[in-house]
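In case you want the letters, here they are:
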Amino acid sequence: MGGRLPRAPTFRARVGDRVRWRVATLGQGLHVFHVHGRRWRSGDRIYHCHITDHMMGGMVGRYLVEP
Ligand SMILES: [Cu+2]
């Protein structure tokens, strides 16, 4: 993350929770949302914008899945 702290919120869930995210862009900018992880086991993962400048600017957040 280039040494910068994530500026997006941290989301939390528990294994087995039903989770729905609604992701939207505000304004005219293009963003490419990406969340890491394919199986929702417990763990700490990130989500971010796939546009490098945005990601390096802090458009990164944590997604914590707890047991
Ligand atoms: Cu972006």
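To be clear, the structure that these remarks concern was listed above.
All of these numbers come straight from a predicted model, not from anything done at the bench. (Residues numbered from 1 in each chain as written. Predicted model: local features only at pLDDT ≥ 70, side-chain atom pairs only at ≥ 80, totals over all residues.)

### Some details on the overall build of the protein
1) Next: Secondary structure summary: the protein contains one helix and four strands in total.
2) Next: Order of helices (α) and strands (β) in the protein, N terminus to C terminus: β-β-β-α-β.
3) Next: Dimensions of the protein along its principal axes, counting C-alpha atoms only, are 35 × 25 × 20 Å.
4) Next: The buried share among the 67 residues of the protein stands at 9%. (Helix = DSSP H or I, 4+ residues; strand = E, 2+ residues; numbered from the N terminus. Buried ≥ 20, exposed ≤ 12 C-beta atoms within 10 Å, placed from the backbone.)

### Examining the sheet that holds strand 1 (residues 11–14)
1) Next: Taken together, four strands build an open sheet; the order of strands is 1-4-3-2 and the sheet is mixed. Among the strands making up the open sheet, the edge pair consists of strand 1 and strand 2 (33–35). Between one strand axis and the next, the sheet turns through 20° on average, direction left out of account. (Pairing = 2+ DSSP bridges. Axes fitted to C-alpha atoms, helices over the stretch in contact; angles between N-to-C directions.)

### Section: the environment of G61
1) Next: Mapped onto the fold, G61 is located in strand 4 (residues 60–66).
2) Next: In the structure, G61 is positioned 53 residues away from A8 in sequence and 4.6 Å away in space, judged by C-alpha atoms.

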